[in-house]
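# What the coordinates show
Listed here are the chains, written in short residue letters.
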Amino acid sequence: MLSFNEKISIIEEFPQLTRKEVSLGRVNYHYYPSVYDKTVVVYHLHPNGNGFVYTGEMSEYDADSRGLVNIRNYTENQLRDIITAAIGNLSTDAEISHKQTWIGPDNQSLLLVQEDYFWNIYTGEMLEESFETYNEAEAYLKEEGFIKT
């Protein structure tokens, strides 16, 4: 298990996060450019090493009913990965193109497009699926055997 200071060191590798002290020596980290009302990424990181990351409804993480994942026993890589995913879930990350082509089985082509607050998947001009976050759309496409070109 990573210590409190080790976790702080990893979290502070993300300059887009802002540290806020809370009670009992705990700290939160906020992502203020969030496109949602929710800004907390790291919640109640405690000096004993316990803490949570907000992943919302991202299917690849086992979150509680509030969308929080306990990071007590996370490794360095797991912590970096979940924080990166959490930030991506709250943002319209500049590294994510807002229009992507995905190729699947039998060379089937789908277009993933960000429109307003949704990520829509099109076959030609027909809307196939719609998701609230990029991560949800990406997970769906990967589950269906598609790869980004």
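So, here is what we can say about the structure in this document. (Residues numbered from 1 in each chain as written. Predicted model: local features only at pLDDT ≥ 70, side-chain atom pairs only at ≥ 80, totals over all residues. Heavy atoms only, no water.)

### Description of the overall build of the protein chain
Counting secondary structure elements, the protein chain contains three helices and 10 strands. Across the protein chain, helices and strands are ordered from the amino to the carboxyl terminus as α-β-β-β-β-β-α-β-β-β-β-α-β. In terms of overall dimensions, the protein chain has C-alpha extents of about 55 × 30 × 25 Å along its principal axes. The 149 residues of the protein chain split such that 44% are buried. Contacts in the protein chain between residues far apart in sequence, at least 24 positions, make up 38% of those at least 6 positions apart. (Helix = DSSP H or I, 4+ residues; strand = E, 2+ residues; numbered from the N terminus. Buried < 20%, exposed > 50% of the residue type's maximum accessible area, 1.4 Å probe, protein only. Contact = heavy atoms within 4.5 Å.)

### Let's talk about the nonpolar core
Generally speaking, a soluble globular protein has its nonpolar side chains buried in company with each other. Ranked by internal contacts, the top residues of the largest apolar core, which has 29 residues, are Leu17, Val41, Ile82 and Ile83. Those elements that place two or more of their residues in this core are helix H1 (4-11), strand E2 (27-30), strand E3 (40-45), strand E4 (52-54), strand E5 (68-70) and helix H2 (76-90). Broken down by element, the residue count for this core peaks at seven residues, all from H2. When sequence neighbours within four positions are dropped, the list of residues in contact with Ile82 reads Val53, Thr55, Tyr61, Val69, Ile71 and Tyr74. Membership of the second largest hydrophobic core comes to 10 residues, among which are Leu110, Leu112, Trp119 and Tyr134. (Core = buried A, V, L, I, M, F, W, Y, C linked by side-chain atoms within 4.5 Å.)

### With respect to the environment of Thr123
With respect to the helices, strands and loops of the structure, Thr123 is situated in strand E8 (residues 118-123). Measuring from C-alpha to C-alpha, the distance between Thr123 and Gly104 comes to 12 Å, with 19 residues separating the pair along the chain. Leaving out residues up to four positions away in the same chain, Thr123 has contacts with Leu110 and Glu128. One polar contact links Thr123 to Glu128, side chain to side chain, over a distance of 3.3 Å. (Polar contact = N/O pair within 3.5 Å; in protein donor to acceptor, adjacent residues only side chain to side chain.)

### Quick notes on the side chain of Asn120
Within the element layout of this structure, Asn120 appears in strand E8. For Asn120, the side chain forms a polar contact with the side chain of Ser130, separated by 2.5 Å.

### Concerning the pairing of E3
Judged by how many residues are buried, E3 sits mostly within the fold: five of six residues are covered. Direction of pairing for E3 relative to E4: antiparallel, over a ladder of two bridges. When the bridges of E4 are listed, Tyr43 appears paired with Phe52. Hairpin connection between E3 and E4: a loop of six residues separates the two successive antiparallel strands, and Gly49 in this loop has a positive phi of roughly 100 degrees. (Pairing = 2+ DSSP bridges.)

### Some points on the sheet that holds strand E6 (residues 99-103)
Taken together, the five strands give an open sheet; going across it, the order is E9-E8-E7-E6-E10, and neighbouring strands pair in antiparallel fashion. A strand with exactly one partner marks an edge of an open sheet, and here the two such strands are strand E9 (126-131) and strand E10 (147-148). One ladder, built from five bridges, connects strand E7 (residues 109-115) with E8; its direction is antiparallel. Across the sheet, residue Leu111 finds its bridge partner in E8, namely Tyr122.

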